Amino acid sequence: MGGVRTAVIGVGQTRHVSARHDVSIAGLVREAAVEALEDAGMDFDDIDAVVVGKAPDTFEGVIMPELYLADALGAVGKPLLRVHTAGSVGGSTAIVAAKLVMSGIHKRVLTVAFEKQSESNATWALTVGGPHSTSLVVGAGGYFAPHIRSYMSRSGAPDHIGVLVALKDRLNALKNPYAHLHEEHITFDSVKDSMMLWDPVRYSETCPSSDGACAMVLTNEAGGDAAAAAGRPPAWVKGTAFRSEPTMFAGRDQVNPQGGQDCAADVFQQAGITDPLHEIDAVEMYVPFSWFEPMWLENLGFAPIGDGWKFVEDGVTQMTGELPVNCSGGVLSSNPIGASGMLRFAEAAMQVRGTAGEHQVDGARTALGHAYGGGSQFFAMWVVGADKP
Amino acid sequence: MTRDVGVIAFAQETAEKDRERNEVEFIIPVVQEAVRQSGMGRHDIGFTISGSCDYLSGGPFTFVQGLDGAGAWPPVRESHVEMDAAWALYEAWVAIQTGEVDSALIYGFGKSSLTDVHQVFTMQSDPYTVTPLWPSLIHLAGLQASTLLESGKADERDLAEVAARSLRDATGNPHAIRKEDVDADTLLARPVTHAPLRDADIFPVTDGACAIVIAADDVAREHCERPAWIRGIDHRIDAPHIGVRDLTESASTRRAGEEAGALQGGFEVAELHAQFSPDELIVREALGLNGDTRINPSGGALGANPLMAAGLIRIGEVASRISSGEIGRGLAHASQGPCLQQNLVCVLEGE
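Everything numeric in this text was worked out from a predicted model, so none of it was measured.

Further remarks concern the overall build of chain B. Along the backbone of chain B there are twelve helices and twelve strands. On C-alpha atoms alone, chain B measures out to a radius of gyration of 19 Å, which is about the 20 Å that the 2.2 N^0.38 rule sets for 351 residues. In terms of its C-alpha atoms, chain B occupies a principal-axis envelope of roughly 55 × 45 × 40 Å. At a minimum sequence separation of 6, the contacts of chain B that also span at least 24 residues come to 80%.

Below, the structure written as structure tokens:
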């Protein structure tokens, strides 16, 4: 990775819930931004530029809402960018913010991603085809269920793997005060007996619709060193990558997309990682439907092709396992869509800063943040570490 | 320490209410033409980025279909801004500054004719207090124009002079969709449609797309005889609430101009993204442009304004005049948001 060394020195997020009727969109994003600035020991005046990300504007019914949010985010008189790369947007947004520092253009950048899903209805906002065309699926679950069935038939994975992932993530969420879902009485049977929505995806194997925001403050090497000296450990950015591929063409592998493989190979190479399973201490992976955990374990190169589900069954991805995945509870426990990718990136930073609280992985030094979007075609990833690259 | 980055290719496509082509069909020819001009293979270009708006197509993920027009197999390093594509060019410039890539394809596209864009873009405003009143883009521009006229900084004739010059210059631009050999007196005799604005003061609803290739240092020199070098580029935003701004000036344009090194003048040409004729007067003043600089020789946004591409087209128009050897130094400006809220300034030069 070239350019100026870059560090995350502030992280903030809202408590994610179904509907934040007590705040406007501006109030919501400001909560996360202020928390990130306080964490970084900064004020809005210290910030050189702001990068905002969110998923489609149809989710709130506001066109380019960053225009309206300019003063709430302290961006007046500053450069303000708005990123939109589908579900991966929170990750892409963090990467754009990192590049503003890596390039040497800015010293301190605030990045914010959000979704206030209660302003509209995401399932139907995602169901629209082009004008005058009929959508063949309802919501993202309807789109991805065939991919999951294909994975099951290829790998021979048994039906209960999805249940195990959902149970793990929802139990992890009990350790995360910011998580939307806190299901204290959840059991294997309660997940298994929940309503089948899009076969094989059950209700309890599906992400919720959340209102929420996430923010980070990124800075250069001097800023990272200063934070460390002040007792606020930085998370150093060791690699960033994104990849995109077309939605559909004959022969495209939608279960194990090339873009995801290329993106992972790129980010690991930048971070000097040759054996991800053993060199990564914690993963925050974009898993909106339970089965995507074993699918992405293979796509990212953590598990051999066809073996991802065995990692799940063997408990490898539990908090106590060899490769803890989604200790925060992940997208399955909180899903403010536009912010979900940034939450993965921010939670990875929290792990290596040692600030993840009850869901902290002991001694985590290197973590991966992962996000995907569209029809499994947009990928954004970063590797962060406790040690300066 | 910034890397020298030059514009090495530019293509655009515009139409009035195109009923034949969708967005992807607009993107394909401009991307192909820009890639051809660049002399680079599509996959030799290191980074791909676009600017578009879902509310123009009326559905989520316009840019996802758009990617089919740009080509993304094998997978590409790609990003997207929900902004005019001039800001996509800025992000591409940043990516090149990190040293990770040496070149980028940037494209912007939109079919404004699919909707009542002046009305729909009201939804750029505060959703709780302003949008429910449904002031259209024209109403908001009318407020700005009235403020400008009441301040005494300009009069109706100044607006008409801007519109007349733009429409006349548009007659020389094959991509302009509205053009007329007309003078200010003729326009002043026409009806005021949205006081104090006349139709000629308001951008025409335009469909279109634009693509640009930029490259760093030697890569640019190798592929282009005369790259248009980006000597400075910056963008700034003003407060959203028009009541807290002085609408007769554009603080964000001035600040972006300062940061981009644009305020010392010396430009032969300036392409300003003035979507309403008063915008040009306000932006000209913010950037300190005097009579030595020819403004909007393409006819500007009053001749054609394909939203999400039109700001990037301003950069392309200046760059192509530099690459052809016609001029040595030019300035490009892009704008978005109600009443010139967000502005980008780019200084371009030949060798």
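After that view of the structure, there is still more to cover.
Quick look at the overall build of chain A now. In terms of helices and strands, chain A carries 14 helices and eleven strands. Principal axes of the C-alpha set define a box for chain A whose edges measure 55 × 50 × 45 Å. Taking the contacts inside chain A whose residues are at least 6 apart along the sequence as the reference set, 79% of them involve residues at least 24 apart.

All right, on to the environment of A:Ile186 then. Turning to its location among the elements, A:Ile186 is positioned in the loop between α6 (161-173) and α7 (188-192). Those residues in contact with A:Ile186 that lie beyond four places of it in its chain are A:Leu167, A:Arg170, A:Leu171 and A:Val191.

All right, on to the nonpolar core then. The biggest cluster of nonpolar side chains holds 258 residues, and the ones touching the most others in it are A:Val112, B:Leu89, B:Ile106, B:Tyr107, B:Ile212 and B:Ile214. It is helix α4 (residues 85-97) of chain B that contributes the most residues to this core, eleven residues altogether. Of the residues that make up this core, three or more belong to each of domain 1 (6-120 + 209-235) and domain 2 (138-206 + 237-384) of chain A. Those residues in contact with B:Leu89, other than ones at most four positions away along the chain, are B:Ile106, B:Ile212, B:Ile214, B:Leu312 and B:Ile315.

Turning to the interface of chain A and chain B, a few remarks are in order. Contacts between the two partners involve 51 residues from chain A, matched on the other side by 52 residues from chain B. Only α2 (65-68), β3 (80-83), α3 (89-102), β8 (235-244) and α9 (258-270) of chain A provide two or more residues apiece to the side of chain A that touches chain B. Ranked by the residues each element gives to the side of chain A that touches chain B, the list is headed by α3(A), at five residues. Looking at side-chain class alone, the side of chain A that touches chain B contains 25 nonpolar, 18 polar and eight charged residues.

Time to look at unusual backbone geometry. Going from A:Asp199 to A:Pro200, the amide bond is cis rather than trans, its omega being 10°. In this structure, B:Pro74 follows B:Trp73 across a cis peptide bond, with omega equal to -5°. Residues other than glycine seldom take positive phi values, yet A:Met64 does so here, at roughly 45°. In this structure, A:Met64 sits in the loop between β2 (49-53) and α2.

Another aspect to go through is the domain arrangement of chain A. All names here are of chain A. Domain annotation of chain A identifies domain 1 (6-120 + 209-235) and domain 2 (138-206 + 237-384). For domain 1 and domain 2, the distance between their C-alpha centroids amounts to 23 Å. Counting residues at the interface gives 37 residues for domain 1, matched by 36 residues for domain 2. Among the elements of the structure, β1 (6-13), α3, β4 (108-116) and β7 (211-220) are those that each provide at least two residues to the side of domain 1 that touches domain 2. For the side of domain 1 that touches domain 2, the leading source of residues is α3, giving eight residues. Its residues placed into classes, the side of domain 1 that touches domain 2 shows 18 nonpolar, 15 polar and four charged.

What follows deals with the packing of helix α6 (residues 137-151) of chain B against helix α11 (residues 277-287) of chain B. Residue and element names in this part refer to chain B. At a minimum axis distance of 9 Å, the contact between α6 and α11 shows a crossing angle of 55°. One finds that α6 runs oblique with respect to α11. As α6 packs across α11, the resulting crossing turns out to be left-handed. Residues Gln144, Ala145 and Leu148 of α6 form the contact with α11, whose own contacting residues are Pro278, Leu281 and Ile282. Here the contact of α6 with α11 is built from residues that sort into five nonpolar, one polar and no charged.

For the rest of this paragraph, the subject is helix α10 (residues 251-259) of chain B. Residues and elements named next belong to chain B. Within the sequence span of α10, burial applies to Ser252, Thr253, Arg254, Arg255, Ala256 and Gly257. As for α10, its buried residues are in contact with β8 (228-237), α11, β11 (329-336) and β12 (342-349). One or two steps after α10, the chain reaches Gly261, where phi turns positive at roughly 75°.

Residues and elements named next belong to chain A. Among the ten residues of β7, ten are classified as buried, and the element is accordingly described as predominantly covered. Burial along β7 is two-sided: the face carrying Asp211, Ala213, Ala215, Val217 and Thr219 and the face carrying Gly212, Cys214, Met216, Leu218 and Asn220 are both buried. As paired elements, β1 and β7 share seven bridges and run antiparallel to each other. Of the residues in β7, the one forming a bridge with Gln13 is Cys214. Sheet topology note: the β4/β7 ladder contains nine bridges and is antiparallel. When the sheet's bridge partners are listed, Lys116 is paired in β7 with Asp211.

This brings us to the environment of B:Ile230. Inspection of the secondary structure assignment puts B:Ile230 in strand β8. Expressed as a C-alpha distance, the spacing of B:Ile230 and B:Ala319, which sit 89 residues apart in the sequence, is 9.2 Å.

This paragraph deals with the pairing of β3(A). All names here are of chain A. Burial along β3 is two-sided: Leu80 and Arg82 facing one way and Leu81 and Val83 facing the other are all buried. Direction of pairing for β2 relative to β3: parallel, over a ladder of four bridges. The residue bridging Val50 from the neighbouring strand is Leu80, located in β3.

What follows concerns the packing of helix α7 (residues 156-170) of chain B against α11(B). All names here are of chain B. The N-to-C vectors of α7 and α11 enclose an angle of 100°; their axes lie 8 Å apart at closest approach. Viewed along their axes, α7 and α11 adopt a mutual orientation that is roughly perpendicular. Of α11, the residues touching α7 (which contributes Asp158, Leu159, Val162 and Ala163) are Ser277, Pro278, Glu280 and Leu281. Grouping the constituent residues of the contact of α7 with α11 by class yields five nonpolar, one polar and two charged.

Here we come to α7(B). Residues and elements named next belong to chain B. Between the first and last C-alpha of α7 there are 21 Å, a value that for 15 residues agrees with the 21 Å anticipated at 1.5 Å per step. Residues of α7 that are buried include every one of Leu159, Ala160, Val162, Ala163, Ala164, Arg165, Ser166, Leu167, Asp169 and Ala170, and no others. Looking at the buried side of α7, the elements it contacts are α8 (184-188) and α11.

Residue and element names in this part refer to chain B. On the secondary structure map, Ser323 appears in helix α12 (residues 310-323). A tally of 23 C-beta atoms within 10 Å means that Ser323 is categorised as buried. C-alpha separation for the pair Ser323 and Arg190, spaced 133 residues apart in sequence, amounts to 39 Å. Apart from the residues within four sequence positions on either side, Ser323 is in contact with Cys224, Arg226, Pro227 and Ala228.

Cut-offs and rules
- Residues numbered from 1 in each chain as written.
- Chains lettered and ligands numbered in written order.
- Predicted model: local features only at pLDDT ≥ 70, side-chain atom pairs only at ≥ 80, totals over all residues.
- Helix = DSSP H or I, 4+ residues; strand = E, 2+ residues; numbered from the N terminus.
- Rg over C-alpha atoms; globule rule 2.2 N^0.38 Å.
- Contact = placed C-beta atoms within 7 Å.
- Core = buried A, V, L, I, M, F, W, Y, C linked by C-beta atoms within 7 Å.
- Buried ≥ 20, exposed ≤ 12 C-beta atoms within 10 Å, placed from the backbone.
- Domains from an automatic or database assignment.
- Nonpolar A, V, L, I, M, F, W, Y, C, P; charged D, E, K, R; others polar.
- Axes fitted to C-alpha atoms, helices over the stretch in contact; angles between N-to-C directions.
- Parallel < 35°, antiparallel > 145°, perpendicular 65-115°, else oblique.
- Left-handed = near helix turned anticlockwise from the far one by under 90°.
- Pairing = 2+ DSSP bridges.
- Expected span 1.5 Å × (residues − 1).

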